[in-house]
Amino acid sequence: MRNRNRRMTAALLTVLLLLLSGCMDSLKGSKVVLTTGFEKNEVFRIEDMSCTLPEAMVYLINTKNRYESVYGREIWNVSLDGVTLEENIKETVLAQLAQQKTMNLLARQNGVALSEEEEARVMHAAETYFQSLSEEEKSALQITVKDVEELYREYALARKVYQYIIKDINPEISDDEARTITVQYIYFRTCVLDGTGRKIEYSEEEKQEILRKAEEVRFQLKNEEADFEELILKYSDSEEGTCSFGKGEKDQAFEDAAFNLEISDIVETPDGYYLIKCISTFNRTETDANKVKIVEKRREEVFGQEYEDFVAALTRNLNEDLWQSVSLAGTENITTSDFFDVFDKYFDGIL
C-alpha cells in the first residue's frame, strides 16, 4: 500500500510541476498584483485562500533540509545561469503552495471534503509533527499546531480532489499501444553537455569522422557477422547497451528503427548516431506495466486541463515585498525535514 500511495503522490506532483510555470506567472502578472492591503505575514491570496509566512517557512525549511541531507551544505554555493539554489527553492515552494490553495478551491467547487476519519488523521499527524519540533524551531518558524493542521488538511484535500476528478478515467489500452520492446544499441556521440547541462554540438568535421566510424561498425555487423555485444563494449559511447521502451518514449528515428528492424542501418538523432538491434518485440510484464503508465498519463492530462481552466478565472495577489525579504540565511539550527513523511505515515493507503 505504501508504494501505491507514493506512486499516487508522485503522479499528483508531476501534474502540479507541469503546471508550475503557469501558476508562477499567474501569481506575478495576471489580474491583479498587490504589495499592499495584506494581513500581517500574508504572502499571497488566491480568491479567499490565504498563505501566511509561517506556512511558507515550513515548506521552505523542509525542502532546504532535504536538499542538504542528499547533497550537503555546499550545495548552496551552486548557481545555474545566475539563479541560486535558494532562489530556485523559493520559486518552487511558492508555486507548490499556490497550487495547493488552488486545489482546495477546486475541491470546494466539486463538493469534495475530508471525512471524519481523515480529519482525525490530520489532527494526529499535525500533533506528531509539531511535537517533533524543538522550542527553537517552533519560535523560528512562528508556527502553531493549528497552522500545521491547516497545512495537512489542505495537502490532504489537494490529493483527494485529484482522485475525485480522475476517478472515472479508465481507458482501455491495447497490447499494441502499450507494447514494450527491448533493444541493444551502439551509440556514437555527436555532442556533450557542459557544466550547466547545456548541449554543445561537435563540429561538422568531427561528426563526419564519427559517422565514418559508425559505418565501419555497421559493415562489420553486415558483412563480417561480428558479435553485437562485443561491438557495444568496444565502440559505444553509452554506459548501457540495452534498454526497454514503449511507443512515444524515444526519439522518433530511434523508435522507428527499433520497432521495424532486427538490426538497423545507421540512425541519426539530435544526440548522435545509433546502430540498433531488436532482441525482444514483446514483453508481457513490461507491456502491462506500460499500460498502467499510459492510463496515469491520460488521467494527468484530464486533470491538468480541468485545473488550467479553473485557474484561468481566479484572482491572485502576491505580496512581493514580503516574499522578496524571505531568506534561508540563519536557519542552520532548524533541522526539521520530515513534514511530508509524517503525513504519509498517517495517510498511507488512505489517499
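Bear in mind that the values here come from a model prediction, so they are computed numbers and not experimental data. (Residues numbered from 1 in each chain as written. Predicted model: local features only at pLDDT ≥ 70, side-chain atom pairs only at ≥ 80, totals over all residues. Heavy atoms only, no water.)

Student: What am I meant to see in the pairing of strand 1 (residues 42–46) here?
Tutor: Within strand 1, four of the five residues are buried, which leaves it mostly tucked inside the rest of the structure. Two strands pair when backbone bridges link them, and strand 1 and strand 2 (residues 49–52) are joined in this way by four bridges, in the antiparallel orientation. Note on strand 2: the bridge partner recorded for Glu42 is Thr52. Hairpin connection of strand 1 to strand 2: two residues between the antiparallel strands, including Glu47 at a positive phi of 50 degrees. (Buried < 20%, exposed > 50% of the residue type's maximum accessible area, 1.4 Å probe, protein only. Helix = DSSP H or I, 4+ residues; strand = E, 2+ residues; numbered from the N terminus. Pairing = 2+ DSSP bridges.)

Student: In this structure, what is going on with unusual backbone geometry? I would like to understand it.
Tutor: Glycine aside, residues mostly have negative phi angles, and peptide bonds mostly take the trans form. Phi at Asn41 is positive, roughly 65 degrees, even though this residue is not glycine. The partly exposed category is assigned to Asn41, whose relative accessible area is 24%. Phi at Gln142 takes a positive value of approximately 55 degrees, unusual for a residue other than glycine. Considering the arrangement of structural elements, one finds Gln142 in the loop between helix 6 (135–141) and helix 7 (145–166).

Student: Help me out: how do you make sense of the sheet that holds strand 9 (residues 267–269) in this one?
Tutor: Sheet strands pair via backbone hydrogen bonds, and the direction of the pair is either parallel or antiparallel. Here we have four strands laid out as an open sheet, ordered 8-5-10-9, and antiparallel in their pairing. Either end of the sheet is taken by a strand with one partner, and the two such strands are strand 8 (242–246) and strand 9. For this sheet, the mean inter-axis angle between neighbouring strands, taken without regard to orientation, is 45 degrees. Pairing geometry for strand 5 (residues 180–189) and strand 10 (residues 272–280), over eight bridges, is antiparallel. Bridging across to strand 10, Tyr185 finds its partner in Ile276. Contacts from helix 10 (residues 228–235) reach strand 5 and strand 10, with the element oriented near 40 degrees to strand 5. Each of strand 5, strand 8, strand 9 and strand 10 touches helix 11 (residues 252–260); the most contacted strand, strand 8, lies at about 95 degrees to it. (Axes fitted to C-alpha atoms, helices over the stretch in contact; angles between N-to-C directions. Contact = heavy atoms within 4.5 Å.)

Student: Would you mind showing me how to read the packing of aromatic side chains here?
Tutor: Two aromatic rings, taken as a pair, are described by how far apart their centres are and by the angle between their planes. All chains considered together, the criterion is met by 17 aromatic pairs. Ring geometry for Tyr59 versus Phe339: centroids 5.7 Å apart, planes at 55 degrees, classification tilted. Taken together, the residues span a long stretch of sequence, with Tyr59 in helix 3 (residues 53–71) and Phe339 in helix 14 (residues 339–347) at a distance of 280 residues. Residue Tyr59 shares its accessibility class with Phe339, and that shared class is buried. With a centroid separation of 6.3 Å and an interplanar angle of 35 degrees, the aromatic rings of Tyr67 and Tyr71 are classed as tilted. Here Tyr67 and its partner Tyr71 are both found in helix 3, four residues apart, which amounts to about one turn of the helix. Taken together, the ring pairs connect Tyr59, Tyr129, Tyr152, Tyr155, Phe339, Phe340, Phe343 and Phe347 into an aromatic cluster. (Phe/Tyr/Trp six-rings, centres within 6.5 Å; stacked < 30°, edge-to-face > 60°.)

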